[in-house]
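Overview (structure and organization)
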Amino acid sequence: MYQYIEIVLETVIFIVEDGGFLAMFVENSAKKLPVVGIVKQSTISHDNQLLIQLRIQPQVGNDFAPMSLLHQGSLLEVLTSLSSKGEHYKAKVSRRWFEPAIRASWQNMPIPDANKVELEYVRLFTQKEYDRIKLGEIPTAMEDHWFAYFEKDCLYWFRSWTGIGIFELYLEWQTNGWRVIKAMGNNDPAFDASLVSAERLSAERLSGLMDGLIWHGEQIFDI
């Protein structure tokens, strides 16, 4: 999943190159928190405002702005360089949108039928949690070990370095939320014995992945 924002500067004060980094501070919080974006596109509007579309770099930790603060109307302080010593300019977020992970977003190989094993994993997700699940997960750094995409009410998990399929999570709407109706795991011990030494352990690993995905959702849109 990628998050994008479009920001508006009232005056065209500097040239922004596509693909370059832009450092900002979010002002609508108790303290100014930094956020970094990669410029996707910049244009000048008919009323001479600078519009910049950015893909937000996910950051973890209390020293960075949670992505949930980057919504329409958020006030930003934009730096002309990644250094805080650069010139500062005021901007506002005009819109925000998400690009979900899809099958083609990353290398992936489905779990072979011969290696599939059903896991004992029961869980109920709220609608907001389901909305986050549908966005999937796209690795942004080498230390990101997982890729996930959602398709036809199933979330598919893969190891990012190899593209090997590890989990499949099938969901169905019921009266009080989205319930897991089936969870499948890869029981081939060749790639990671710790994942498949026992079905219980595989279910625990899947549970941890889902916890992380939903926690990330809280950082995005306040689940």
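1. Thoughts on the layout of surface pockets
Taken as a whole, the second largest pocket spans an internal volume of roughly 210 Å³. The wall of the second largest pocket is formed by 13 residues, among which V8, E10, K90, A91 and K92 lie closest to the centre. For the lining of the second largest pocket, the elements supplying multiple residues, two or more each, are strand 1 (2–9), strand 5 (75–79) and strand 6 (88–99). Sort the elements by how many residues they give to the lining of the second largest pocket and strand 6 lands first, with four residues. Considering only residue class, the lining of the second largest pocket consists of seven nonpolar, two polar and four charged.

2. Looking at the nonpolar core
Grouped together as the largest cluster of nonpolar side chains are 25 residues, with contacts concentrated most on I5, I7, M24, I52, L54, I56 and L76. If you list the elements that add at least two residues to this core, you get strand 1, strand 2 (21–26), strand 3 (33–44), strand 4 (50–56), strand 5 and strand 6. The residues contacting L54, other than those within four sequence positions of it, are Q3, Y4, I5, I7, L22, M24, G37, I38, V39 and K40. In this structure, F150, A183, L209 and M210 belong to the second largest nonpolar core, which totals 24 residues.

3. Regarding the environment of Y149
Mapped onto the fold, Y149 is located in strand 9 (residues 146–151). Once the C-alpha coordinates of Y149 and K134 are considered, the two residues, 15 residues apart in sequence, prove to be 7.3 Å apart. Excluding residues that lie within four positions of it along the chain, Y149 makes contacts with A101, I102, R103, N108, G136, C154, L155, Y156 and F158. A distance of 3.5 Å separates polar atoms of two side chains, one belonging to Y149 and the other to R103.

4. What about the environment of I220?
For I220, the position within the fold is in helix 3 (residues 199–221). Sequence separation of I220 and S68 is 152 residues, and the distance between their C-alpha atoms is 4.2 Å. Dropping the residues within four chain positions of it, I220 is found in contact with M1, M67, S68, R96, F98 and R132.

5. Concerning the packing of aromatic side chains
Taken as a whole and judged by the stated rule, the model has ten aromatic pairs. Ring geometry for Y130 and W178: centres 3.7 Å apart, planes at 0 degrees, overall stacked. Of this pair, Y130 sits in helix 1 (residues 127–133) while W178 sits in strand 12 (residues 177–186), and the two are 48 residues apart along the sequence. Of the two residues examined, Y130 and W178, each falls in the buried class. One aromatic cluster in this structure is built from Y130, F150, W173 and W178. One Lys or Arg, R95, reaches over the ring of W97 and ends 4.1 Å from the middle of that ring.

6. A word on the pattern of salt bridges
On inspection of all chains with the given rule, the structure shows eight salt bridges. With a closest N to O distance of 3.4 Å, K90 and E77 form a salt bridge. Of this pair, K90 sits in strand 6 while E77 sits in strand 5, placing them 13 residues apart in sequence. In the salt-bridge network here, residues are joined through shared partners; they are E27, E77 and K90.

Calculation notes
Residues numbered from 1 in each chain as written. Predicted model: local features only at pLDDT ≥ 70, side-chain atom pairs only at ≥ 80, totals over all residues. Heavy atoms only, no water. 1 Å grid on protein atoms, 1.4 Å probe; cavity = no way out; pocket = protein on both sides within 12 Å on 5 of 7 lines; lining within 4 Å. Points joined across faces, edges and corners; volume = space filled by probe spheres on them. Helix = DSSP H or I, 4+ residues; strand = E, 2+ residues; numbered from the N terminus. Nonpolar A, V, L, I, M, F, W, Y, C, P; charged D, E, K, R; others polar. Core = buried A, V, L, I, M, F, W, Y, C linked by side-chain atoms within 4.5 Å. Buried < 20%, exposed > 50% of the residue type's maximum accessible area, 1.4 Å probe, protein only. Contact = heavy atoms within 4.5 Å. Polar contact = N/O pair within 3.5 Å; in protein donor to acceptor, adjacent residues only side chain to side chain. Phe/Tyr/Trp six-rings, centres within 6.5 Å; stacked < 30°, edge-to-face > 60°. Lys NZ or Arg CZ within 6 Å of the ring centre and 35° of its normal. Salt bridge = Lys/Arg side-chain N within 4 Å of Asp/Glu carboxyl O.

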